[in-house]
Amino acid sequence: MGNMVLLGVVLAMAGFGGAGLTPFERGEKWGYKDARGKVVLEARFTAAMPFSGEGIAAVLDERGWAYLDDTGKVVMRPLVVDNGPDYFREGLARFAVESRLGFFDQRGQVVIPPAFSFALPFSEGLAAFCVGCQEVAEGEHQAMRGGRWGFINRKGEPVIPAQFEEAGGFENGRARVKLGGQWKMIDRRGELAGAGPDGPAAPAAPQAGPRNIILIGWDGAQRNHVKEMIARGELPNLVALARQGKMVDIDVVSGATDTKAGWTQILTGYAPEKTGVYSNGRYQPIPVGYSVFERLEQFFGPQNIETRAFIAKKGHVDADGPRKVPYEQWLKKEAQQKKIDRARPGRGNLQGGRIVEEGGSKFVEVPGKPWYNAQDHMDSFVNGLRLNETVAKMAMENLEKSKDQRFFFFIHFAEPDHAGHGNGENSAEYSQALQQDDLWTGRIIAQLQGLGLWDKTLVYVVVDHGFNEGESGHRYAPYVFLATNDQQVSRNGTREDIAPTVLKRFGLDLGKIEPKLDGIALDEPAPERKAPAEPAQPRRAKRKR
Ligand SMILES: [Zn+2]
Ligand SMILES: [Zn+2]
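Residues numbered from 1 in each chain as written. Chains lettered and ligands numbered in written order. Predicted model: local features only at pLDDT ≥ 70, side-chain atom pairs only at ≥ 80, totals over all residues.

(A) Here's a closer look at the overall build of the protein chain. When helices and strands are tallied, the protein chain shows 11 helices and 33 strands. The buried share of the protein chain, taken over its 545 residues, is 44%. Partitioning the contacts of the protein chain with sequence separation of at least 6, the portion at a separation of at least 24 is 57%. (Helix = DSSP H or I, 4+ residues; strand = E, 2+ residues; numbered from the N terminus. Buried ≥ 20, exposed ≤ 12 C-beta atoms within 10 Å, placed from the backbone. Contact = placed C-beta atoms within 7 Å.)

(B) A look at the pairing of strand 18 (residues 158–164). Bridge count for strand 17 (residues 148–152) against strand 18 is 3 bridges, and the pairing is antiparallel. Looking at strand 18, one finds that F151 is bridged to I160. (Pairing = 2+ DSSP bridges.)

(C) Examining the environment of P50 more closely. Mapped onto the secondary structure, P50 falls in the loop between strand 4 (47–48) and strand 5 (57–61). The partly exposed category is assigned to P50, around which 19 C-beta atoms lie within 10 Å. Along the backbone, P50 and Q435 are 385 residues apart, and their C-alpha atoms lie at a distance of 8.5 Å.

(D) Quick peek at the sheet that holds strand 30 (residues 407–413). The strand order across the open sheet formed by 8 strands is 29-25-30-23-31-32-24-33, and the pairing between neighbours is mixed. If you trace the sheet from one side to the other, it starts and ends with strand 29 (380–382) and strand 33 (493–494), each paired once. In this structure, strand 24 (residues 246–251) lies alongside strand 33, joined through 2 bridges in parallel fashion. Looking across to strand 33, one finds that I250 is bridged to G493.

(E) Expanded view of the confidence of the model for the protein chain. Per-chain confidence: the protein chain averages 87 in pLDDT, with 89% of residues scoring 70 or above. A low-confidence stretch, residues 197–203 (pLDDT under 50), is modelled with 7 contacts involving residues beyond four sequence positions or located in other chains. (pLDDT = per-residue confidence, 0-100.)

(F) Representation of the pairing of strand 14 (residues 127–131) within the structure. The buried fraction of strand 14 is high, at 4 of 5 residues. Here 2 bridges tie strand 13 (residues 118–119) to strand 14, and the two strands are oriented antiparallel to one another. Bridging across to strand 14, A119 finds its partner in F129. As defined by bridge partners, strand 14 adjoins strand 17 across 5 bridges and the pair is classed as antiparallel. Across the sheet, V131 pairs through a bridge with R148, a residue of strand 17.

(G) Structural context of the packing of helix 3 (residues 236–244) against helix 10 (residues 428–450). Two elements in contact, helix 3 and helix 10, have axes separated by 7 Å at closest approach and are oriented at 50°. Regarding the angle of helix 3 to helix 10, the classification is oblique. Here P236, N237, L238 and L241 of helix 3 come into contact with helix 10, specifically with D438, L439, T441, G442 and I445. By residue class, the composition of the contact of helix 3 with helix 10 is 5 nonpolar, 3 polar and 1 charged. (Axes fitted to C-alpha atoms, helices over the stretch in contact; angles between N-to-C directions. Parallel < 35°, antiparallel > 145°, perpendicular 65-115°, else oblique. Nonpolar A, V, L, I, M, F, W, Y, C, P; charged D, E, K, R; others polar.)

(H) The nonpolar core, seen in detail. Among the nonpolar cores identified, the biggest contains 82 residues, and I411 and V461 are the most heavily contacted of them. With 7 residues, helix 10 is the largest single contributor of residues to this core. Once you skip the residues sitting within four places of it in the chain, V461 turns out to touch I216, W218, L238, L241, T441, L482 and A483. (Core = buried A, V, L, I, M, F, W, Y, C linked by C-beta atoms within 7 Å.)

(I) Local environment of the sheet that holds strand 12 (residues 110–116). Read across the sheet, 3 strands follow the order 10-11-12 without closing on themselves; strand pairing throughout is antiparallel. Edge positions in the sheet fall to strand 10 (93–97) and strand 12, since each of these pairs with one other strand and no more. Within the sheet, the average angular offset between the axes of one strand and its neighbour, ignoring direction, is 25°. By the bridge criterion, 5 bridges tie strand 10 to strand 11 (residues 100–104) in an arrangement that is antiparallel. Bridge assignment links F95 to a residue of strand 11, and that residue is G102.

Shown next, in the form of structure tokens:
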């Protein structure tokens, strides 16, 4: 038994479920392979999600969403929510039999038999249920109306009897309920605990002024690929985040569609002309004071905000200082990089500057990396963490430590970019890497909720560049997105609009920022700036006669 538990833990850490199976795609259908690549379940599903640590996985077959065990047997047909299988909350998800709802666990076993007209997901050990309510269409959404609402515990016992006209989930020991046509708050015993806000229960994300902001970077996430995965229900945490606020299109309209240009632009709000960071190959340190980190430190005072970056990549989101490389060494490296670039476009860019002579030897001056200046004016800058899991765990440890202070975190995931370069944009590996981004994004959000920070924190999922369709590079890949619980985001935008949005939400007066920001906050109107289908041809310099 002990060994089995250990094995499960090891496999879960390696990104496999208890069964060690991973999804693969063949001819538009999905199946599962074992760790050695042997096909265990034939590709016959329209969609296939990774196995849970407990050994079940959600698939979409001809009858709809189902959970399978590792022999391919359907163990449960879950409730379908937003075109995907119901999410597990606190270890339980919902299913329905003949219009009666119940709950099952992550092994696919029924925990609460189907007995309710409807039920909301569990939160803080309780779930709202209703008796006699009915589904009605309200605009594009379905809503449950009529009947009476109460709350059940994890055994399915009605610990707060059905008596309310509507009810929401528990947060910080309180839930919203409607009684006599008015919204009120109740505590865990069902007793009134103050007046609730008017109107329907609004999501709990902070809308007036957040105390904290987190940018979660999904390096190299192509918009269309992400949207297809959303339609297949494969990015549940991204969808849950956007459902509280917005998901909008972001186009790259200045700077290269690469990593150095991307994160520099997102975290400064400037076009490359102001930062000197044009691409992975042409850059300099961002001028002192231009980054969001530095502006926030300056605005609040260093003691009053924690600014931290946890970054998967080493190259391109880097803070190394300037250096000189011997010329011969440089030529060798350059030749190597050109080869790499031919095999995997976008990977071989080599940064270099002037050639100088010193003491009879030639050197190439390599400029300092973009984050060279900023790293000294923020609380921490850690890069090269490589795996999503390492990045997320370090960020989560710091969230715990910073929970009582104001903070701005940048959390950077790079697995999709690596999978895209290695296997191509249409590969199963690229999709799996995006699922990993989604998984760790979800864990970070769950931790914020657990720490009681969700109503004080805005989260933006942002992307530096996409991928060329079906290719293994992003030479010109300007189509990305932004997803957030910020309800004030009101339109599509560009990479440089993100920093102004963050600064404005923290209360900075954008009009006072020098030099003038190139981006416009995403809650303000702006002229439409769409990326052209082809990159603008660089204008040839006229030859001087
Ligand atoms: Zn990138
Ligand atoms: Zn890349």
